[in-house]
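The residues making up each chain are set out below.
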Amino acid sequence: ALNTAQPRLKEPADYLKRYYGYDRFRPMQEDIIQSVVSGRDTVVLMPTGGGKSVCFQIPALMLPGVTVVVSPLIALMKDQVEALHLNGISAAYYNSTQTSRAQRDIEDDCISGKLKLLYVSPEKLLSESFFTFLKRARVSLFAIDEAHCISSWGHDFRPEYTQLNVLKQHFPNVPTVALTATADKLTRQDIAQRLGMNDPAVFIASFNRTNLSLQVLPGQNRLGQIARLLQQKPDTSGIIYCLSRKSTESIAAKLQEKGFSAAFYHAGMDPADRARTQEAFLRDDVRIICATIAFGMGIDKSNVRWVIHYNMPKNIEGFYQEIGRAGRDGAAAQTVLFYSFSDVKTYKEMLAENNPANLGLQLAKLERMQQYADAHTCRRQILLSYFSEDLPEPCGNCDVCRDPRVTFDGTVLAQKALSAMVRTGERVPMNLLIDILRGSRSQAVMQGGYDQIKTYGAGRDLRFEDWRNYLHQLINIGVIEIAYDQHYALRRGILADQVLYGGRKIELVRPDDAPKSIVEKPKT
Ligand code: ADP
Ligand code: ZN
């Protein structure tokens, strides 16, 4: 007789091969799976497309009971469950659109041990009836996807996520794995704490997507520049992220007029239209999507060859996630950020109007984004340092590396700024410091008596905007630091004293000397 029994699966790699058809793990995946299966609480930080799913799906297969997956992306649950079915894994999702009959069937499958994965939204999870049912099922693991939503430090805070701490109270012996693509150090700590994790193992996969080139251009004649790029890369797929719904529509229309295959996408469209547009993009029927940030969550299109930010994003997390949708196949992809000061102004006005509880934090994140855009040092180093990752050498694949800036000796300029800073007791934020340097008679300057200090007006030969740019450069190289906890006052950075007293020279770049072509120079 034929022996139809499957070979027994023992190691995580056996599961990877059998259920997903892959021969080897990507960096970190196996260690993460081992940690989770061993019952340890685990935090996983891995960029979009890095392969987070198998990090909880394989443990779900290896562990005896059911794994409950909490995800805010209700729209994607169906797709995820269908993908699991195609791989021969028994999974279901549970939401309020289902009949109570269907829900009961799922509950039965769970309790009988038939289901390995159950996807649920945080709202549903926290409902009383669901909790009662969960207690009857054998839950072996909680997986919290998009875990940054739990933290008000994160950029995508969802209040319903904060109640997930009850999981540990009710299921103290069930391990939790939290996964996210975007979390700085504070957010990471916050995730672990808010989930009540017990000495979690933290895994940070590299955020260095070397195949993505990075480029920042002034936001002038953006459509003309985009057209040049498209002519240079005919028949490639790409995404143009815009600030407003209206602009996605008008930019798509203008590109169509020029003969390009473009469509728009935003959350104000009716769901059927949205689905159609997304489908058309996935099938390459449409090449260019002009979208708000609503587009892309969970979209698995491997051959996106470029991502353009028509407007500056409001923080680095969002920016990183959005450019991360390019080049998922590992081949070279280009990313371009158009930067204009008016975008910053728009955000500040929007923030002032909404006045969120974490206003200061959001402004600080905006400032970091602006520093990235102003930078004249390797952009990837700045990006990675934001995620606490150290890139020892410049990357060779950003506009600064490809086209090193012409520098001048900016030591005196740095000394002027530092000296004004020190004389004001390192208590003033950037705009005020610039006013002091430029000899402004603004109310804040006069009230603080800053017109009396020796360096008052010492930098009146420079425009406000230029000073801002130079100060950002000084921050990026460590001469100045922003005290986030002291009302964003500027204070001395690690190199400050050497510049003031130690004869250290500082090289700066004139803002107008940065290259302006969207056509990239060859890699260095
Ligand atoms: P994330 O959730 O981190 O954005 P996914 O889990 O959706 O990423 O994985 C992204 C893609 O990588 C998927 O197509 C997935 O099948 C694939 N993938 C994951 N792990 C591996 C692996 N070890 N080898 C090859 N491909 C993998
Ligand atoms: Zn670089």
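These figures come from a predicted structure and were not determined experimentally.

J.: Tell me what's going on with the overall build of the protein, and back it up with residues and numbers.
T.: For the protein, the helix and strand inventory stands at 22 helices and 17 strands. Counting every position in the protein, which comprises 524 residues, the buried fraction comes to 41%. Taking all contacts inside the protein whose residues are at least 6 apart in sequence as the whole, residues at least 24 apart take part in 74%.

J.: Let's hear about the packing of helix α15 (residues 359-374) against helix α21 (residues 464-477): which residues, and what values?
T.: Packing of α15 against α21 brings their axes to within 9 Å, and their N-to-C directions diverge by 95°. As judged from the angle between their axes, α15 and α21 are roughly perpendicular. Every residue of α21 that contacts α15 at Gln370, Gln371 and Asp374 is listed here: Asn469, His472, Gln473, Ile475 and Asn476. Counted by class, the contact of α15 with α21 contains one nonpolar, six polar and one charged residues.

J.: Explain the site of ligand 1 to me, using residue names and the numbers behind them.
T.: For ligand 1, the set of nearby residues contains 13 residues, the closest of which are Tyr22, Gly50, Gly51, Lys52 and Ser53. Residue composition of the shell around ligand 1, grouped by class: four nonpolar, six polar and three charged.

J.: Lay out the pairing of strand β11 (residues 288-291) with the relevant residues and their values.
T.: Residues of β11 alternate between two faces, with Ile288 and Cys290 on one and Ile289 and Ala291 on the opposite face, all of them buried. Direction of pairing for strand β9 (residues 237-241) relative to β11: parallel, over a ladder of four bridges. Pairing of Ile239 across the sheet is with Ile289, part of β11. As paired strands, strand β10 (residues 262-265) and β11 are joined by four bridges and run parallel to one another. Bridge pairing links Ala263 to Ile289 in β11. The parallel pair β10 and β11 is bridged by helix α12 (residues 271-282), and the resulting crossover is right-handed.

J.: Explain the packing of helix α2 (residues 29-37) against helix α3 (residues 53-62) residue by residue, including any values.
T.: Across the interface, α2 lies against α3 with an axial gap of 9 Å and an inter-helix angle of 45°. Relative to α3, the element α2 is oriented oblique. Of the two possible hands of crossing, α2 and α3 adopt the one that is right-handed. For the pair α2 and α3, the contacting residues are Gln29, Ile32, Ile33, Val36 and Val37 in the first and Val54, Cys55, Phe56, Ile58, Pro59 and Met62 in the second. A breakdown of the residues in the contact of α2 with α3 according to their chemical character gives ten nonpolar, one polar and no charged.

J.: Explain the sheet that holds strand β2 (residues 66-70) to me, and be specific about the residues and the numbers.
T.: Pairing in this open sheet of seven strands is parallel, and the strands run β3-β4-β2-β5-β6-β1-β7 from one edge to the other. On the outer flanks of this sheet lie β3 (91-94) and β7 (201-204), each paired with one strand and no other. Across the sheet, the mean angle separating the axes of adjacent strands is 20° when strand polarity is ignored. As paired strands, β2 and strand β4 (residues 117-120) are joined by four bridges and run parallel to one another. The partner of Val68 across the bridge, within β4, is Leu118. Contacts between helix α4 (residues 74-86) and the sheet are confined to β3 and β4, with β3 contributing the most and set at about 165° to the helix. Strand contacts of helix α9 (residues 185-194): β1 (42-45), β6 (176-180) and β7, with the helix running at about 150° to β1, the strand carrying the most contacts.

J.: So what's going on with helix α1 (residues 12-20)? Which residues, and what values?
T.: The set of residues buried in α1 consists of Pro12, Tyr15 and Leu16. Down the axis of α1, the sector holding all buried residues measures 105°, keeping them to one side. The inward-facing, buried residues of α1 abut α2 and α3. Note on α1: the residue one or two positions beyond its end, Gly21, has a positive phi of about 80°.

J.: Please set out unusual backbone geometry residue by residue, giving values where relevant.
T.: Although it is not a glycine, Asn355 sits at a positive phi angle of roughly 45°. By the element assignment, Asn355 lies in the loop between α14 (341-354) and α15. Among the residues examined, Asn355 registers 7 C-beta atoms within 10 Å and is labelled exposed. Phi at Tyr488 takes a positive value of approximately 60°, unusual for a residue other than glycine. Topologically, Tyr488 is positioned in the loop between β15 (480-483) and β16 (489-492). Taking the number of C-beta atoms within 10 Å as the measure of exposure, Tyr488 has 16 and is therefore partly exposed.

Calculation rules
Residues numbered from 1 in each chain as written. Chains lettered and ligands numbered in written order. Predicted model: local features only at pLDDT ≥ 70, side-chain atom pairs only at ≥ 80, totals over all residues. Helix = DSSP H or I, 4+ residues; strand = E, 2+ residues; numbered from the N terminus. Buried ≥ 20, exposed ≤ 12 C-beta atoms within 10 Å, placed from the backbone. Contact = placed C-beta atoms within 7 Å. Axes fitted to C-alpha atoms, helices over the stretch in contact; angles between N-to-C directions. Parallel < 35°, antiparallel > 145°, perpendicular 65-115°, else oblique. Nonpolar A, V, L, I, M, F, W, Y, C, P; charged D, E, K, R; others polar. Near = placed C-beta within 6 Å. Pairing = 2+ DSSP bridges. Right-handed = clockwise from strand over helix to strand, strands pointing away. Left-handed = near helix turned anticlockwise from the far one by under 90°. Arc of directions from axis to C-beta.

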